[in-house]
Amino acid sequence: MLFSRDIGIDLGTSNTIICDKKGRIVIREPSVVAVDVKSKRVLATGDEAKAMIGRTPGSIIAVRPLQDGVIADFDMTSDMLRSFIYRSSKRSLFTRTRVVVSIPSNVTEVERRAVEDAVRSAGAQDVELIEEPMAAALGVGLPVYDATGSMVIDIGGGTCDIAVISLGGIAACKSIKIGGDALDEEIINHLKKEHDLIIGKNTAEDIKLKIGSAAAYDGEGAMEVRGRNLVNGLPKSTEITSAEVREILSQPVSQIISAIKETLEITLPELAADIIDKGIYMTGGGSQLRGFSTLISQETGIDVHMPENPTDCVAIGTSIKLRRAL
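How each quantity is defined
- Residues numbered from 1 in each chain as written.
- Predicted model: local features only at pLDDT ≥ 70, side-chain atom pairs only at ≥ 80, totals over all residues.
- Heavy atoms only, no water.
- Pairing = 2+ DSSP bridges.
- Helix = DSSP H or I, 4+ residues; strand = E, 2+ residues; numbered from the N terminus.
- Contact = heavy atoms within 4.5 Å.
- Axes fitted to C-alpha atoms, helices over the stretch in contact; angles between N-to-C directions.
- Buried < 20%, exposed > 50% of the residue type's maximum accessible area, 1.4 Å probe, protein only.

## Considerations on the sheet that holds strand E17 (residues 280-283)
Pairing between the strands of a sheet comes from backbone hydrogen bonds, and it takes one of two forms, parallel or antiparallel.
Phase 1: Taken in spatial order, the 5 strands of this open sheet run E13-E12-E11-E17-E18, and their pairing is mixed. The sheet terminates laterally at strand E13 (169-176) and strand E18 (304-305), the two strands that pair on one side only.
Phase 2: Pairing between E17 and E18: 2 bridges, direction parallel. Of the residues in E18, the one forming a bridge with Tyr281 is His305.
Phase 3: Here helix H7 (residues 242-265) sits on the sheet in contact with strand E11 (150-155), strand E12 (160-166) and E13, set at roughly 155 degrees to E13.

So, in structure tokens, the structure goes:
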């Protein structure tokens, strides 16, 4: 008799989170792979590989094999998943691996197949896909199988998925390729254009986390940013304020709010009434930007709720789906 190993995977552009069937997180690592250019051999994955970004010699590249929520490099994604799955639990020759993996809500059939094939290539025998907003809603604990409307906004690294869910299906949805990475990119471009300063993605993310916001907040300040001078190539530092960062992020934040309003506009009146009663739920790492939930509430006139661990909701939702499938 084969023993089965059941895991849920939140396969994200920025991070991959793996849960066991009881909803316990066993892997939480960046979706990054370090590769030897000459031999094409994978040298590291996850945290170890992320530490190499921007610091590798010419013979080693550290890359993200997923872009905008979909697979950009099939082989690297398979290698990364194989490493994560192997580390997630002990296995034997007699273990059958069953996986539920999340995908953005607007992926094409080709992109769906690519995810499924990559997970199978990484060692899984049974693979089921679940759309990220559905997984997020399950992870939050919303009554997705009831005849009532629930609205979820899942902001990941590469995409923002907005969905209204009822009776186990998605009644209205919109997915845009704007997430945490797009916010980081805005910061990088601004510093390059306005301050002649070149910084890396890790530095941009640090700025966003430390002083980034969608709305004014108490205790605003400034921070010193170090990078390379665009003009002469020498090391340089400059100061950037909370207000300046908020202005930088205003465009992608506005695009997300517009997508939320568009989704509400195509929602059936009965489901919209349910959403007004229950509010909107935000999940994903990008939802943690200071003041974002308050701004969305002001713009829509609907209460916005944040679960205790918004980054874990999709992964926990995959494990709930896994238990239902057994």
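## Here we look at the environment of Lys210
Phase 1: Here Lys210 lies in helix H6 (residues 201-211).
Phase 2: For Lys210, a relative accessible area of 48% translates into the label partly exposed.
Phase 3: Counting along the chain gives 10 residues from Lys210 to Glu220, while the straight-line C-alpha distance between them is 10.0 Å.
Phase 4: For Lys210, the residues in contact, after removing those within four places along its chain, are Tyr217, Met223 and Arg290.

## Points about the sheet that holds strand E14 (residues 197-198)
Phase 1: Spatially, 3 strands are ordered E14-E15-E16 in an open sheet, and the strand pairing comes out antiparallel. Two strands bound the open sheet, and with one partner strand each, they are E14 and strand E16 (235-241).
Phase 2: Bridge count between strand E15 (residues 222-229) and E16: 7 bridges; the pairing is antiparallel. Across the sheet, the residue bridging to Glu224 is Glu239, located in E16.
Phase 3: Along the sheet face, helix H5 (residues 180-195) touches E14, E15 and E16 and points at about 110 degrees away from the line of E16.

## Details of unusual backbone geometry
Phase 1: Not every positive phi belongs to a glycine, and Lys40 is a case in point at roughly 65 degrees.
Phase 2: Looking at the secondary structure, you find Lys40 in the loop between strand E4 (33-36) and strand E5 (42-45).
Phase 3: Look at Lys40 and you get exposed, because its relative accessible area is 64%.
Phase 4: Even without glycine at this site, Asp68 takes up a positive phi of about 50 degrees.
Phase 5: Mapping Asp68 onto the fold places it in the loop between strand E7 (66-67) and strand E8 (70-71).

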